[in-house]
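So you can see what is in the structure, the chains are spelled out below.
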Amino acid sequence: MNSVFRLLTVLGGSLVLTFVVGRLADWLLRRMGARHPETPLWGLLRRCRTALRIVLFAALLRGAYQQVDWRPLNDHEAAVGRTLSLVLIGAGAWLVVHIASAAVESTYARYATGTRDPARLRRVRTQVTLIMRVVTAVVAVVAVAAMLLTFPGFRTLGTSMLASAGLIGIVAGVAAQSTLGNLFAGFQIAFGDMVRIGDTVVVDGEWGVVEEVTLTFLAVRTWDERRITMPVSYFTARPFENWSRGGIQMTGTVFIHCGHFVPVDLMREKLREVLHACPAWDGRAWDLAVTDTTPSTITVRAIVTAKDPDDLWTVRCAVREELVGWLAEKHPYALPRITTAPAALPDEQESRR
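In short, a report on the structure. (Residues numbered from 1 in each chain as written. Predicted model: local features only at pLDDT ≥ 70, side-chain atom pairs only at ≥ 80, totals over all residues. Heavy atoms only, no water.)

**Things to note about the overall build of the protein chain**
Looking only at helices and strands, one finds 13 helices and eight strands in the protein chain. Relative to its 353 residues, the protein chain shows a buried fraction of 32%. Residue pairs in contact within the protein chain that sit at least 24 positions apart in sequence constitute 65% of those at least 6 positions apart. Surface exposure of the protein chain reaches about 21,600 Å², of which carbon and sulfur atoms provide 62%. (Helix = DSSP H or I, 4+ residues; strand = E, 2+ residues; numbered from the N terminus. Buried < 20%, exposed > 50% of the residue type's maximum accessible area, 1.4 Å probe, protein only. Contact = heavy atoms within 4.5 Å. Areas by Shrake-Rupley, 256 points an atom, 1.4 Å probe, with all protein chains shown as cover.)

Written out as structure tokens, the structure reads:
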């Protein structure tokens with residue numbers, strides 16, 4: 001009876017102490033957040049409450065369970081101690097990741113409030129994302145290694161494998177050459193500022209926006225909501241178009257095939273009218289000129305500008321629709337014509353007269 005009472009005392013005391021410390025930490029974080037509203041750090045740290053409570057509870061039990069003189073517990077003392085150690089290590093790793101994430105996100109938020117350059121924000125966001133992935137991976141590896149070291153059998157196995165570690169490392173390096181290449185390419189992309197989250201790119205003829213960058217792959221969201229996933233080494237080994245580099249404003253062209261009698265001057269004035277009525281046009285520049293001729297048509301090229309790729313697409317579609325509709329309504333003779341009947345020969349025309 002005394003042993004059961006001591007067990008309940010240890011469990012109850014650990015729960016109460018965990019609850020009190022958790023509430024105290026939460027109260028302190030709320031006070032700090034109220035005093036410093038300019039930074040979201042304290043509010044982000046409050047998300048660590050669950051991990052902190054698990055760490056406290058596991059640590060208290062790990063330090064006090066041996067004081068309980070209860071036969072079932074004594075019979076499995078080693079297993080209980082190892083289980084509590086595993087829980088403590090796992091919860092500790094979870095807490096470290098949460099704290100690091102809160103610090104990184106808070107730093108990025110404060111940087112974002114003081115920076116108005118979208119390109120720099122996308123670059124920093126890409127770097128922050130990859131840094132957090134590296135931190136999470138490192139913490140996870142260390143936690144797993146610490147968990148394995150709690151088993152005596154793995155310590156002996158690790159000692160026996162040291163002699164062959166060099167050969168295993170060489171074999172693993174050769175086998176993981178592609179993975180390691182992608183890993184280093186991920187760091188190169190993040191800190192070499194080659195491509196960033198939110199950049200508009202063209203890869204393999206597909207136009208889209210970079211949605212996610214990891215240490216091994218990169219995801220591009222196309223205009224029709226498809227996701228193209230490719231290894232990050234693609235962007236370090238092959239050329240690609242990045243429309244967001246050097247500013248996101250762009251110049252685009254619209255080609256219209258017309259007949260030889262098209263009124264180019266009137267068409268130029270119509271283009272001016274269409275652009276001034278289009279909200280997506282940024283007003284920087286425009287032009288219209290005949291750029292090519294064939295025996296049956298001429299090619300008219302309109303040049304338009306916009307502040308970003310999305311607006312440029314809108315301007316090009318609007319110009320194409322308006323000019324073709326205007327030609328069809330006001331100057332139908334200027335549209336390309338296709339001959340569907342053979343031309344009469346001179347002798348045949350004379351005989352008909």
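**Regarding helix α12 (residues 309-330)**
Under the 1.5 Å per step criterion, the end-to-end length of α12 is 31 Å for 22 residues, consistent within 8% with the ideal 32 Å. Within α12, burial applies to Pro 309, Asp 311, Leu 312, Val 315, Val 319, Leu 323, Trp 326 and Leu 327. Buried residues of α12, viewed axially, fall in a sector of 150 degrees; they line one side. Opposite the buried face of α12, by more than 90 degrees, sit the exposed residues Trp 313, Glu 321 and Glu 329. If you follow the buried residues of α12, they end up packed against β1 (200-203), β2 (206-213), β6 (250-258), α11 (264-276), β7 (281-293) and β8 (298-306). (Expected span 1.5 Å × (residues − 1). Arc of directions from axis to C-beta.)

**So, the sheet that holds β2**
Pairing is antiparallel across the open sheet formed by five strands, whose spatial order is β4-β3-β2-β1-β5. Edge positions in the sheet fall to β4 (227-231) and β5 (241-242), since each has one partner strand and no second. The pairing of β1 with β2 spans four bridges and is classified as antiparallel. Note on β2: the bridge partner recorded for Val 203 is Glu 206. (Pairing = 2+ DSSP bridges.)

**Topic: the side chain of Thr 200**
One can find Thr 200 in strand β1. Setting aside residues up to four positions removed in sequence, Thr 200 forms contacts with Trp 207, Gly 208, Val 209, Glu 241, Asn 242, Trp 243, Ser 244 and Pro 309.

**Observations regarding the pattern of salt bridges**
Should the charged atoms of two oppositely charged side chains come close, the side chains can pair. Taken as a whole and assessed by the stated rule, the structure comprises 12 salt bridges. For Glu 269, the salt bridge goes to Arg 272, with nearest N and O atoms at 3.6 Å. Separated by three residues within a single helix, Glu 269 and Arg 272 lie in helix α11, roughly one turn from each other. A salt bridge links Lys 307 to Asp 308; the nearest nitrogen and oxygen atoms lie 2.8 Å apart. Assessed through its relative accessible area of 14%, Asp 308 is described here as buried. A single salt-bridge network, built from bridges that share partners, covers Glu 211, Arg 221, Glu 225 and Arg 227. (Salt bridge = Lys/Arg side-chain N within 4 Å of Asp/Glu carboxyl O.)

**Digging into the environment of Val 232**
Relative to the elements of secondary structure, Val 232 occurs in the loop between β4 and α10 (233-237). Expressed as a C-alpha distance, the spacing of Val 232 and Leu 218, which sit 14 residues apart in the sequence, is 5.6 Å.

**Overview of the pairing of β2**
Where β1 folds back onto β2 in an antiparallel hairpin, the turn is made up of two residues, including Asp 204, whose phi is positive at roughly 50 degrees. Bridging between β2 and strand β3 (residues 217-222) involves five bridges; their strand directions are antiparallel. Note on β3: the bridge partner recorded for Gly 208 is Thr 222.

**Section: the state of the cysteines**
For the structure on display, the rule yields zero disulfides. Cys 278 takes part in no disulfide bond, and the closest cysteine sulfur, belonging to Cys 317, lies 9.9 Å away. (Disulfide = S-S within 2.5 Å.)

**Describing the sheet that holds β8**
One key point about sheets: their strands pair by backbone hydrogen bonds, in either a parallel or an antiparallel sense. If you trace the three strands from one edge of the open sheet to the other, you get β6-β8-β7, paired in antiparallel fashion. What marks the edges here is a single partner per strand, and that holds for β6 and β7. This sheet shows a mean twist of 20 degrees between the axes of neighbouring strands, independent of strand direction. Two strands pair when backbone bridges link them, and β6 and β8 are joined in this way by nine bridges, in the antiparallel orientation. Residue pairing across strands places Thr 251 opposite Thr 305, the latter belonging to β8. Where α11 meets the sheet, its contacts fall on β6, β7 and β8, and the angle it forms with β7 comes to roughly 155 degrees. Relative to the sheet, α12 contacts β6, β7 and β8, its axis offset from that of β6 by approximately 20 degrees. (Axes fitted to C-alpha atoms, helices over the stretch in contact; angles between N-to-C directions.)

These values are about where atoms sit, not about what they do.
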